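Take a look at the letters that make up each chain.
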Amino acid sequence: MYYHLIVNDECNLNCSYCRGKEFFSCESDLESCDECVLLPSSPEYSPENLYSFLKKGDEPGILFYGGEPTLRPDLIMGFMDKMPSCRFSIYTNGLLIRNLPPGYIRRLDTILLSIDGDRRTTEGYRGKEVYDGLMESIKYINDSSFSGEIVARMTVAEKTDIYESVTFLADNKDYTFSSIHWQMDANFWYDYSERPGFREWIEESYNPGIARLAKKWLELIRETGIVPRWYPFCGLVYDILTGSGMAPAPMRCGAGHMNYAIQTDGNIVPCPCMVGMKGFYSGNIFDSDPKNLKKTEPGGDCLECDIAGFCGGRCLYSNVIRPWPEEGGRLVYGSILNLKSAVESVIPEIQEMIGQGLITAEDFRINKYNGCEIIP
């Protein structure tokens, strides 16, 4: 079980697909929910409260989350000091990770680092000088003798050439990422009417790029005998090869069944995007049992979708809020259908390589529910 631990609500960046949208979106989730509350900016419970809750479960994993959690290294270190048996990971834009001393860096299992491709693409979304700051932070992480997994966690939108961005990160002279995940900025904000170029980008750039990328991934496996940990591909191929989680798949990110978020007031929600949505509270850290938290599943169109077993629902928050009109939703559906086709196209050759003993199905296994959504 993983828990997104909301450390704070502040951030040192104003990325165009995140906080940059808060000021033009015509509607918000607070206006779309019957019962939503504003929350404290940082935790109002003690590490001891949290640890008492976590100890009731099995092998809990904590994902430090914000805002930008490294703005509060005191809270991160305080929680880590008081919870010795937990596994820890962090979502971060990376620029301030040097606020954490090397000993705390080494205790992290996974660092989900926000980077969107090459310098131009990353800084086009995230701001000037971000790319160089990230490279300096990666050097600090490695100099701290970090032995866990660094995941390049991309957000992709109309400025992104998905093929060029992923292959750049996988063969970057400044730092080569062996683990890459990408998430589309789509059907999340009330912004569809503000994005007239989205259809063209999806149909003429993103979808063809995913098809090319799957072929490139297969080529790298064939040439090296090593499976690059490109999460959307690995997670889906592993389930196809092993027959697990395909009929029907639960939310592949784990939201609402294996991955929850702990609010700053101690209440628990199915996803960090659903903080304050009281109608979806799953329990709390004070008197709930981790093994009996309320489960939340997607509804609506997802229940009747022809690729539900492959997809699992994509985004629980979007399924509940439905911020985009049907036209936009169909474009997102089309992107998942395209991903399915791309993944299925490489299965025969992968099975052939497995049969030849060149690779194994286990080479595609990922750390499930670690913060990578799998379905972009």
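Predicted model only: the values in this text are computed from it and were never measured.

Description of the nonpolar core
Leu50, Phe64, Trp182, Trp217 and Phe233 are the most contacted members of the largest nonpolar core, which totals 106 residues. Ranked by the residues each element gives to this core, the list is headed by helix H12 (residues 326-355), at 11 residues. Apart from residues lying up to four places away in sequence, Phe64 is in contact with Leu5, Val7, Pro69, Ile76, Phe79, Met80, Phe88, Ser89, Ile90 and Tyr91.

Quick word on the environment of Ser42
Note that Ser42 resides in the loop between helix H1 (29-32) and helix H2 (47-54). In this structure, the C-alpha to C-alpha distance between Ser42 and Arg199, residues 157 residues apart in sequence, is 39 Å. Ignoring anything within four residues of it in the chain, the contact list for Ser42 reads Val7, Arg72, Leu75 and Thr264.

A closer look at the packing of aromatic side chains
The full count for this structure, using the stated rule, is 16 aromatic pairs. Look at Tyr45 and Phe79: their rings are 6.1 Å apart centre to centre, the planes differ by 50°, and that puts the pair in the tilted class. Here Tyr45, found in the loop between H1 and H2, pairs with Phe79, found in helix H3 (residues 73-82); they are 34 residues apart in sequence, far enough to count as distant. Summarising the burial analysis for this pair, Tyr45 and Phe79 share the class buried. Plain terms: the ring middles of Phe188 and Tyr317 are 4.9 Å apart, the flat faces sit at 40° to each other, and that makes the pair tilted. One end of the pair, Phe188, is in the loop between strand E6 (179-184) and helix H8 (198-224); the other, Tyr317, is in helix H11 (residues 316-321), with 129 residues separating them in the sequence. Grouping aromatic residues by their ring pairs yields a cluster made of Trp182, Trp217, Trp230, Phe233 and Phe364.

Let's talk about H3
Looking at H3, one finds that the buried residues are Pro73, Leu75, Ile76, Phe79 and Met80. In a view along the axis of H3, the buried residues occupy a sector of 165°, so they form one face of it. The elements touched by buried residues of H3 are strand E1 (2-6), H2, strand E2 (61-65), strand E3 (87-92), helix H4 (102-106) and strand E4 (108-114).

A short note on the pattern of salt bridges
Taken as a whole and assessed by the stated rule, the structure comprises 22 salt bridges. Two residues, Arg72 and Asp74, come together in a salt bridge whose shortest N-O distance is 2.8 Å. Under the relative-accessibility criterion, Arg72 is labelled partly exposed at 26%. A residue is classified by how much of its surface remains accessible, and Asp74, at 42% relative accessible area, is partly exposed. For Glu219, the salt bridge goes to Lys216, with nearest N and O atoms at 3.6 Å. Note that Glu219 and Lys216 are positioned in helix H8 at a spacing of three residues, about one turn of the helix. Since its relative accessible area comes to 29%, Glu219 is described here as partly exposed.

Comments concerning unusual backbone geometry
The omega torsion of the bond from Gly66 to Gly67 falls at 15°, within 30 degrees of zero and hence cis. Mapped onto the elements of the fold, Gly67 is located in the loop between E2 and H3. Even without a glycine there, the phi angle at Glu59 is positive, about 45°. With respect to the element layout, Glu59 can be found in the loop between H2 and E2. Phi at Ser145 is positive, roughly 65°, even though this residue is not glycine. By the element assignment, Ser145 lies in the loop between helix H6 (130-143) and strand E5 (149-156).

What counts, and where the lines are drawn
Residues numbered from 1 in each chain as written. Predicted model: local features only at pLDDT ≥ 70, side-chain atom pairs only at ≥ 80, totals over all residues. Heavy atoms only, no water. Core = buried A, V, L, I, M, F, W, Y, C linked by side-chain atoms within 4.5 Å. Buried < 20%, exposed > 50% of the residue type's maximum accessible area, 1.4 Å probe, protein only. Helix = DSSP H or I, 4+ residues; strand = E, 2+ residues; numbered from the N terminus. Contact = heavy atoms within 4.5 Å. Phe/Tyr/Trp six-rings, centres within 6.5 Å; stacked < 30°, edge-to-face > 60°. Arc of directions from axis to C-beta. Salt bridge = Lys/Arg side-chain N within 4 Å of Asp/Glu carboxyl O.

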